[in-house]
Amino acid sequence: MTTLFRAIEFLSLSLWLGADAFLSFVVAPGAFAILGNRDVAGMMVGYSLGRLHFAGIFLGLVFLVARLARSHDFGSFTSAPALCVVLMVLLTAASQFTVSSRMGALKREMVSVQNTPETDPRRVEFNRLHHRSVAFEGAVLLLGLAGMFLLVRESTKI
């Protein structure tokens, strides 16, 4: 059973990490390069990011439940791989429920981000939030890589 739970830990973290990398390096740049209209590309990336956030939170929880089932000890949540996943979940939730929701409200107010002047206070706030969102996603990606490295290094016994 230990092997199964360990496999679930690896699977959940690798799925989240792979999806995050795919969105960051393929979907987002591709949407802005191919669609031509930045507002439409932004809607597509925002939609994808929202789905990724919910999937990531779910996969993070699956990871933590599998870890608990494997170790039978809440102390295993203080291990380096588990702390990486906990931070990933917290950053993802903060991004989804604060940054992304505020960006969505600003987009609705502006109607078109592309046609709103850079000096408009809503656009200034949107750009600031966009930078924060990118920083959160970058941190989640780095934590995921660190978590995977640490999980590989970890002994099969907790």
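Just so we're clear, the structure is a prediction, and the values are computed from it rather than from any experiment. (Residues numbered from 1 in each chain as written. Predicted model: local features only at pLDDT ≥ 70, side-chain atom pairs only at ≥ 80, totals over all residues. Heavy atoms only, no water.)

Break down the pattern of salt bridges for me, with residues and values.
In total, this model carries eight salt bridges according to the counting rule given. Measuring nitrogen to oxygen at the nearest pair gives 3.3 Å for the salt bridge that ties Arg-70 to Glu-154. Highlighted residues: Arg-70 in helix 2 (residues 38–71) and Glu-154 in the segment after helix 4 (121–153), separated in sequence by 84 residues. Comparing Arg-70 with Glu-154 shows no difference in burial state: the two are buried. Note that Arg-128 is salt-bridged to Glu-125, the shortest N-O span being 2.7 Å. Within this pair, Arg-128 and its partner Glu-125 are both found in helix 4, separated by three residues, close to a single helical turn. The partly exposed category is assigned to Arg-128, whose relative accessible area is 37%. Bridged by salt links that share partners, the residues Arg-6, Glu-9, Arg-67, Arg-70 and Glu-154 form one connected network. (Salt bridge = Lys/Arg side-chain N within 4 Å of Asp/Glu carboxyl O. Helix = DSSP H or I, 4+ residues; strand = E, 2+ residues; numbered from the N terminus. Buried < 20%, exposed > 50% of the residue type's maximum accessible area, 1.4 Å probe, protein only.)

For the layout of surface pockets, give the residues involved together with the corresponding values.
Of the volumes computed, that of the largest pocket is approximately 1000 Å³. Lining the largest pocket are 33 residues, with Phe-32, Gly-42, Val-45, Met-103 and His-130 sitting closest to its centre. For the lining of the largest pocket, the element with the highest residue contribution is helix 4, accounting for 10 residues. When the residues that make up the lining of the largest pocket are grouped by side-chain class, the tally is 12 nonpolar, 14 polar and seven charged. (1 Å grid on protein atoms, 1.4 Å probe; cavity = no way out; pocket = protein on both sides within 12 Å on 5 of 7 lines; lining within 4 Å. Points joined across faces, edges and corners; volume = space filled by probe spheres on them. Nonpolar A, V, L, I, M, F, W, Y, C, P; charged D, E, K, R; others polar.)

Which residues make up helix 1 (residues 2–34), and what values go with them?
Taking 1.5 Å per residue as the helical rise, helix 1 with its 33 residues ought to reach 48 Å, and the 46 Å between its terminal C-alpha atoms agrees with that figure. Along its length, helix 1 shows its largest kink, about 40 degrees, at Leu-23. Buried within helix 1 are the following residues: Phe-5, Arg-6, Glu-9, Ser-12, Leu-13, Trp-16, Leu-17, Asp-20, Leu-23, Val-27, Ala-28 and Ala-31. Where the residues of helix 1 are buried, they touch helix 2, helix 3 (80–110) and helix 4. Phi turns positive, to about 80 degrees, at Gly-36, one or two residues after helix 1. (Expected span 1.5 Å × (residues − 1). Bend = angle between axes of the 7 residues up to and from the residue. Contact = heavy atoms within 4.5 Å.)

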